[in-house]
Amino acid sequence: MKSFFHVSDIGDLGAALEEAKQVKATPFAWKHLGQDKTIMLVFFNSSLRTRLSSQKAALNLGMNPIVLNIGQDSWKLETEMGVVMDGDKSEHLREAIPVMTSYCDLIGIRSFAGLKDREFDYQETVLRQFIEYGGKPVISLESATVHPCQAFADLITIEEYKEKKRPKVVLTWAPHPRALPQAVPNSFAEWMNAAEVDFVITHPHGYELDPLFAGPARVEYDQMKALEGADFVYAKNWSCPGVTDPSRYGQILSTDMGWTVDARHMAVTDHAFFMHCLPVRRNMIVSDDVIDSPRSLVIPEAANRAVSAQVVMKRMLESL
Ligand code: CP
């Protein structure tokens, strides 16, 4: 595996889920693979789970992880080409990338969408520069449009907890005080469309995900109707993807607290499990009683981030 951005990069999903099961059962069985190998984990944005689970996965495989927080541990980096660098950014990615990759065998990048320029974000401009100038396998640790390590962990969790062969999975938008990127819902939709599930997306009008990710998923604008009979409820906020109106890209279109997932919403489901990628704003995205209930999977879901990351790194090491 040379890069990990999309569900297609993992190949057969059944085989990937079986491999995840093996990795979870015997996490240290492939420690030889990473001997004398280094992974660099580059963070342009904050993280708790991604940073720790990626380090844990690398250590399980016997690799040396190096973490770099851009702008805190390093110089601030310029990401746009052709600019006069007379501001606060001291170094350009064009030099920084080959320097960083000269010290490692694999590289993971966290670089969120700026939510100002749809084209810049949806072309994955930063990630593409790491591919073009780095020459090493690249893992998206949440880039402008995708968060594949999260979506893979979500699928592993659904596989572990499902009580039906083909469960109904509902991705519901929920309110948030800040404008958030679309990477998590994009990847979740992409992976659910490829999985053996009945997948439904619900959100207020204007929040339609890019068709590249929403694919053939059913969109139901009536949240309660969408949740009827659900087996898994996956809540997430995202800002306007700008599909129907590009001028509104990255904006908050709704603050309707009626979309906060609470007991009223869960009551119409088929005793559904609750999921969220975390970090989560309690009583904005989800009520305390729902996230604290025995049907909440937010902790096992986060724990599976180390499993999904290890499967991806293992495959990359195997193909070096
Ligand atoms: N879910 C997730 O990616 O968490 P962090 O932002 O804390 O890494």
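Criteria and cut-off values
Residues numbered from 1 in each chain as written. Predicted model: local features only at pLDDT ≥ 70, side-chain atom pairs only at ≥ 80, totals over all residues. Heavy atoms only, no water. Helix = DSSP H or I, 4+ residues; strand = E, 2+ residues; numbered from the N terminus. Rg over C-alpha atoms; globule rule 2.2 N^0.38 Å. Buried < 20%, exposed > 50% of the residue type's maximum accessible area, 1.4 Å probe, protein only. Contact = heavy atoms within 4.5 Å. Areas by Shrake-Rupley, 256 points an atom, 1.4 Å probe, with all protein chains shown as cover. Expected span 1.5 Å × (residues − 1). Pairing = 2+ DSSP bridges.

K.L.:
What's the story with the overall build of the protein chain in this structure? I'm lost.
P.N.:
When you go through the protein chain residue by residue, the secondary structure sums to twelve helices and twelve strands. Relative to the compact-globule value of 20 Å for 320 residues, the protein chain shows a C-alpha radius of gyration of 19 Å, a close match. By principal-axis analysis of the C-alpha atoms, the protein chain measures approximately 55 × 50 × 30 Å. For the protein chain, with 320 residues in total, the buried portion stands at 55%. Within the protein chain, contacts between residues at least 6 apart in sequence are counted, and of these 78% link residues at least 24 apart. Of the roughly 13,500 Å² of accessible surface on the protein chain, a fraction of 52% belongs to carbon and sulfur atoms.

K.L.:
How do you make sense of helix α6 (residues 148-161) when you look at a structure like this?
P.N.:
In an α-helix there are 3.6 residues to a turn, and that puts residues three or four apart on one side. For α6, spanning 14 residues, the distance from its first C-alpha to its last is 20 Å, which sits close to the expected 20 Å at 1.5 Å a residue. Most of α6 sits inside the fold, with eleven of its 14 residues counted as buried. By the burial criterion, the buried members of α6 are Pro148, Cys149, Gln150, Ala151, Phe152, Ala153, Asp154, Leu155, Ile156, Thr157 and Ile158.

K.L.:
Sorry if this is basic, but what is going on with the side chain of Arg315 here?
P.N.:
Mapped onto the elements, Arg315 comes out in helix α12 (residues 298-318). By relative accessible area, Arg315 is classed as buried at 17%. Among all residues touching Arg315, those that are not within four sequence positions of it are Met1, Ile10, Ala15, Ala16 and Glu19.

K.L.:
Help me out: how do you make sense of the sheet that holds strand β6 (residues 106-110) in this one?
P.N.:
One key point about sheets: their strands pair by backbone hydrogen bonds, in either a parallel or an antiparallel sense. Spatially, five strands are ordered β1-β7-β6-β2-β3 in an open sheet, and the strand pairing comes out parallel. On the outer flanks of this sheet lie β1 (3-4) and β3 (64-69), each paired with one strand and no other. With three bridges joining them, β6 and strand β7 (residues 138-140) adopt parallel strand pairing. Paired with Gly108 across the two strands is Ile139, which belongs to β7.

K.L.:
Even after reading the chapter, I still don't get unusual backbone geometry, so can you show me in this structure?
P.N.:
In this model, Leu278 is joined to Pro279 through a cis peptide bond whose omega is 0 degrees. Despite not being glycine, Leu115 shows a phi value in the positive range, around 65 degrees. Mapped onto the fold, Leu115 is located in the loop between β6 and α4 (118-122). Despite not being glycine, His271 shows a phi value in the positive range, around 55 degrees.

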